[in-house]
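# Secondary and tertiary structure notes
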Number of protein chains: 2
Amino acid sequence: MNNTIITIGREYGSGGHEVGIKLAKKLNIPFYDKALTELLSEKSEFAQEFLEKNEEKVDILNLPIITGQTLIPDYQQSFSDKIFIDQSNLIKTLAQKGSCVFVGRCADYVLKDYNVINIFIYASLDSRIARKQKLLKENEGKDLEYSQMNKHIIKIDKMRKSYYEYYTDKKWGNKNSYDLCISTDKIGISGAVETISSFISSL
Amino acid sequence: MNNTIITIGREYGSGGHEVGIKLAKKLNIPFYDKALTELLSEKSEFAQEFLEKNEEKVDILNLPIITGQTLIPDYQQSFSDKIFIDQSNLIKTLAQKGSCVFVGRCADYVLKDYNVINIFIYASLDSRIARKQKLLKENEGKDLEYSQMNKHIIKIDKMRKSYYEYYTDKKWGNKNSYDLCISTDKIGISGAVETISSFISSL
């Protein structure tokens, strides 16, 4: 295999983002997450701050309301549609350049006609809550109690699922959408990186 | 980790059984599949042939019929219940002896209080059909056309799912029931064995 293009989907708090960073470092290839938003803001009409606020979110006006209609007429693109299209074009351009790691952004679906390895990282709700509580304390000195963090995690995952299933014909987090699904519960971030490396070496 | 106990769930035709055999060989530990049925027939009232015919099947009389009742009264154990209990006791006894690999038989659930690694092997329907057609030709010189093999595979998977979800509180083939889920589509049997080995080394 000449190019190694890896996409990583992840449950919030499972450490999927960190797995992506460390995997890219180990393989010495680019990692596109925040870097994608930076590049996108350079190429599109949207400011980076706006893109970061709206990444992996479906515009609520885009979703069907009670009558089965959306608030945006069919012929008019919503902001999230425009971002998705610009982002997808950028993902394809970067994938054509060579090996890299993408996290989220439906990259697996966008690159479905490319030779890509699709990974999903997950973990138990308990360990995700503990991980996010620890990170919040370390990075912002803040405490968030179990039940509040639980609600927050479930909300973010619901947004990711809605976004993924709105823009793709695949099921978010369902094994059939991926080549490899790894829980970080027992092996942690570095174990997941080693397991993915071994999977790639077997191709 | 002193003991390495691995359970493998698998979609029919994905090669999960072969992954189990090769993994056990690589790790130089016992593999329990047919061997489990042999041991069970020695220890129970059931003949090996009967056990093989009924392995991973729920007795139809056990399942609720239209009225919500089963044909077997609650106080009476069905054959499948008896086999499941004997088999579970045997699985626990073998797991206590040391490292080993179990395939199917809800071993992940039976050993839920043990330190166990739970794996699920899957593959696309197309590659499973092709694999089973090839094996049938090689082993029995028979041909089975695509649509017939498709039906057969779906039927076996439905039986496995019913059995698993009748005897456990987990979802068959859902990533949350396992530590690692691997598709054999791109990396094949040996690639899956290498990936599991790497996962285990990270523990």
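For the structure given in this document, a descriptive report is provided here.

### So, empty space enclosed by the protein
Tallying each qualifying case throughout the model produces three cavities of 30 Å³ or more. Its volume calculated, the largest cavity comes out at about 120 Å³. Surrounding the largest cavity, 16 residues form its lining, G9, G104, R105, C106 and Y164 of chain A being those nearest its centre. Secondary-structure elements contributing two or more residues to the lining of the largest cavity are β1 (5-10), α5 (107-110) and α7 (146-167) of chain A. Among the elements that line the lining of the largest cavity, the one with the most residues is β1 of chain A, at four residues. Looking at the lining of the largest cavity, its residues break down into eight nonpolar, three polar and five charged. Of the voids in this model, the second largest cavity is the one considered here, and its volume is about 100 Å³. If you trace the second largest cavity, you find 15 residues lining it, with G9, G104, C106, Y164 and W172 of chain B closest to the centre.

### Looking at the layout of surface pockets
All names here are of chain B. In this structure, the largest pocket encloses a volume near 960 Å³. Lining the largest pocket are 31 residues, with R10, Y12, E55, K132 and R160 sitting closest to its centre. In terms of residues, the lining of the largest pocket owes the most to one element, helix α6 (residues 125-140), which gives six residues. Here the residues of the lining of the largest pocket are counted per class, giving eight nonpolar, seven polar and 16 charged. Roughly 670 Å³ of internal volume is contained in the second largest pocket.

Cut-offs and rules
Residues numbered from 1 in each chain as written. Chains lettered and ligands numbered in written order. Predicted model: local features only at pLDDT ≥ 70, side-chain atom pairs only at ≥ 80, totals over all residues. Heavy atoms only, no water. 1 Å grid on protein atoms, 1.4 Å probe; cavity = no way out; pocket = protein on both sides within 12 Å on 5 of 7 lines; lining within 4 Å. Points joined across faces, edges and corners; volume = space filled by probe spheres on them. Helix = DSSP H or I, 4+ residues; strand = E, 2+ residues; numbered from the N terminus. Nonpolar A, V, L, I, M, F, W, Y, C, P; charged D, E, K, R; others polar.

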